[in-house]
Amino acid sequence: MVSDLGGAVASVLALALLVSAAVGGGSFVTLSAPASGEAWGSSYGANGGSLASSAADLGGPRQVENPYGEATVRFDSDGVPHISASNERALAFAVGYVQARDRLFQMDLQRRLMEGNLSAAFGARAVESDRFHRQMGFDAAANASWRRIQDTETGEGVRAYTAGVNRYIDTREPSFEFRANGYEPTRWTPQDTLIVGKLIAWQLTGDFRDLEGRSIRRAFPDRREAVAELYPDQLAHDDAIVDGSVGGQRNDLGEPRPDLVEGVDTGGMQGLYEELRPYQSSPGLGSNSWVVGGQYTEDGSPIVANDPHLGLNVPPVWYEQHLRVRGEGGADAMDVRGVAFPGVPTVVIGANDDIAWGFTNVGADQVDLYRYERPSPTTYRYQGEVREFETHNETIPVMDGRDRTVRIRRTVHGPFLTRQTAGGEVGVAVSWVGLGDTRESQAIFRLNKAESLDEVREVMRRFDSPTQNFVAADIRDGGTYFRITGRYPVRTVNGRSVEGDRVFNGTAARMEWPGFEPYGRTNWTAFHDYDEVPEVRNPGYLATANQRTMDDPPFYIAHSPRYADPYRGERIYELLEQRAESDRPITPAYMRRVQQDVRSEAAEDFVPIIQDSTGRMDASTRAAADEFDGWDYNMTADSRPALLYALWLDHYRNATFGDEFRSRGLDESYFPKDYTLSQLPPSSRWFDDVRTDRRERRADIAARALRQAVAEAEREGWETYGDYNRLDQDHPFPLAFLDYPEREMDGSPYTVNNFRSQRSTQAGSSWRMVVTEGESFGIIPGGQSANPFSPHYHSQLDEWATGGYKPMPREPSGDRELVFVRGDGADQGGDGS
């Protein structure tokens, strides 16, 4: 059960937010469902006996009372709601109702996961997941964030959104997913919306990799220097975001601060990490974004492009929406279009009439771990005194099973997570920025209405978590902007800056975060000053692909294991530079081609290694190596060399590190970056297979890997890359008719078109967007509706998979299908207490 659930939870974190995918491909659903339309029709409120006549037919009545004012909803041909309202709260109510109608089960699973309440709906197999999430106290963190914002304009909007969700829950029959699993959705609360935000932030910044690094060092006590070379603080490339080409614009961001190493060693930590790592963010999913100034474009309007690479799920991670608030004199008080996470009322990535913006993950270190001297099982030593753990018990209700009790322990630093070992209990306390009363909901709410880049810069002061590469453009006035978001703790020991990639001595209290109070009122001004955080104003062009932010940051942000390999960033900069230095303008069409680019800079590094090793190959393997002659390094579905290269790289990586890492209890997740592998010299001792009597070199391992790749392709019957690299998006319910169609795909983990199929979770562009003042485009990998009998179940999938886009106008379209009229109903949002 543990391994099954571990895979499930790892899936949800890697998939960024779709918890229905996290529940393990249907392993949590108690499903005995008919594969027929009749079972689904009534649950989605189909009218007039037609299962999919229109978007309104799938959502119930056409007129709904709204206690906050009037609103109308038009659904366009792609199922995108265009919601226009008389005021912001009336708008939020309508958004809540519409999102619940299309994605309520997805929303419910998201909150259940983070609250530690899956077992109540899905039984005992979810108990360990619930135990972890309750111990972390994500619900308490959401409560803290709600207390912070409840009396603000954002709080009013969250209440109204909550009321809209609850109006749908109270007046509509539970959808099929609930009925099939034998439970009904509970009413939504404001904290539920904020806990969805905590899920987003944890997926992007929550991890226990300080334990991972320590485990690697302890596994190789005899090879510390060699191991250190595999995990450098900074990969040896020159394509950092800020320090790369920014169209001739650079900022002086100061000198690095001195570092003081604070090393801590204690036993049993690797076992603790093995238990915790299924719940941490998945490394390397990645995303792309870039901004181009008007001096390089055809019409003088800047361009913003963004394609976040997250899990590819059924239904998709994102929900597209167009939101308008009618103003006086015919002008709109707000007009914004883009995508939201179901459960969140505001547009997270998109554009309004003035500003376009996008995000990619920084990979910054927002977590520190602490160990303590433990005088007794109930106490820990801190600053010279013995303290009791703050302890309470919670009951995990289990459907059709025995309820379980979980003991929650907390220290001054945060939740205390433990593991029993032969030598006793081992544990660490966790400080994570997201356990504070973060205010990113306020930032996004205000960003939706921002009218200038100066306003945007002020808005982002409240974007406490997660840490993101943020690009924006003033599509009316032409300015461009980049900064990394989030709050960065001040890490000092004796007044000197230290790095956070280790387990700290909590008993000595030598490294703590000033101003931080888990689950309480944090003084965010005690973190690194907002003006210290890297930013670039008016870059000519600037690209982010999760690579290192800058070579010499003003404070510790992260080290190379948390950043992506440089390949995607290198390729984007190459394509932007080529066009900027030509006599041809950068156009939206060119931006779409860049997003679809499948040339692998990684293959360009690795293929020469194969070709240099032909002297160690037998005849049939040399024939396979010959297939790389003249290859253009494009990872296209019809390519034979792309297939052989992808298979070879997996075998080459394992043949290089597997013998030594696995013999010391470390699986492939501990292996170093592929960029590091590509830079190893031919005589590196890592190529020597310790299981043999001879000394292998790089050529031996490369030849062996290609021989294994050819054998694997023959065994599996794969002829071209598309046979291996396939889109296979399955619904969490184990019914084939719910799955999306399979297909061959271009792209790879190290191409700009970042599609990866051969992992525990499929990942790719969860949303593709290109925005200018004149025209905008976007697309999701599936459809807006979770109902398989809706015409919008996967209506965008074919176009997305083949590199297409749909227009993203900011004018309402479609027939008016839902009308919200002012009613006398009470505010159903609750006070959040």
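Here the structure is shown first, and the text comes after it.
Residues numbered from 1 in each chain as written. Predicted model: local features only at pLDDT ≥ 70, side-chain atom pairs only at ≥ 80, totals over all residues. Heavy atoms only, no water.

J.: I'd like a rundown of the pairing of strand β28 (residues 776-779), residues and numbers included.
T.: Across the two faces of β28 the burial is the same, with Ser776 and Gly778 and Phe777 and Ile779 all buried. Where strand β27 (residues 768-771) meets β28, four bridges bridge the pair, whose relative direction is antiparallel. Paired with Met769 across the two strands is Gly778, which belongs to β28. The loop that links β27 with its antiparallel partner β28 comprises four residues. Here β28 runs beside strand β29 (residues 806-807); their pairing, made up of two bridges, is antiparallel. Paired with Phe777 across the strands is Pro807, a residue of β29. (Buried < 20%, exposed > 50% of the residue type's maximum accessible area, 1.4 Å probe, protein only. Helix = DSSP H or I, 4+ residues; strand = E, 2+ residues; numbered from the N terminus. Pairing = 2+ DSSP bridges.)

J.: Explain the pattern of salt bridges to me, using residue names and the numbers behind them.
T.: Under the defined criterion, the tally for this structure stands at 57 salt bridges. Taking the shortest distance from any N to any O, the salt bridge between Arg134 and Glu394 comes out at 3.0 Å. Within this pair, whereas Arg134 is found in helix α6 (residues 127-136), its partner Glu394 is found in strand β13 (residues 390-396), the two being separated by 260 residues in sequence. Just as Arg134 is buried, Glu394 falls in that class too. A salt bridge links Arg461 to Glu458; the nearest nitrogen and oxygen atoms lie 3.0 Å apart. Three or more residues are tied together by salt bridges with common partners; here these are Asp207, Arg209, Asp210, Asp365, Asp368, Arg491 and Arg562. (Salt bridge = Lys/Arg side-chain N within 4 Å of Asp/Glu carboxyl O.)

J.: Kindly report on the side chain of Glu696, identifying the contributing residues and their values.
T.: Among the secondary structure elements, Glu696 is positioned in the loop between α21 (674-679) and α22 (698-716). At 4.1 Å, Arg694 is the nearest oppositely charged side chain to Glu696, a buried residue that forms no salt bridge. Those residues within four positions of Glu696 in sequence are excluded, and the remaining contacts are Phe687, Asp688, Asp689, Ile701 and Arg704. (Lys, Arg positive; Asp, Glu negative; His and termini not counted. Contact = heavy atoms within 4.5 Å.)

J.: Pulling in residues and values, what's your account of the packing of aromatic side chains?
T.: Taken as a whole and assessed by the stated rule, the structure comprises 51 aromatic pairs. Summarising the aromatic geometry, the rings of Trp631 and Tyr633 are spaced 5.4 Å apart at their centres and angled 65° between planes, so their arrangement reads as edge-to-face. Assigned by exposure class, Trp631 and Tyr633 land together as buried. Note on Trp631 and Tyr645: the rings are 6.0 Å apart at their centroids and 45° apart in plane angle, and the pair reads as tilted. Here Trp631 is found in the loop between α19 (619-626) and α20 (640-663), whereas its partner Tyr645 is found in helix α20, with 14 residues between them in sequence. Of the two residues examined, Trp631 and Tyr645, each falls in the buried class. (Phe/Tyr/Trp six-rings, centres within 6.5 Å; stacked < 30°, edge-to-face > 60°.)

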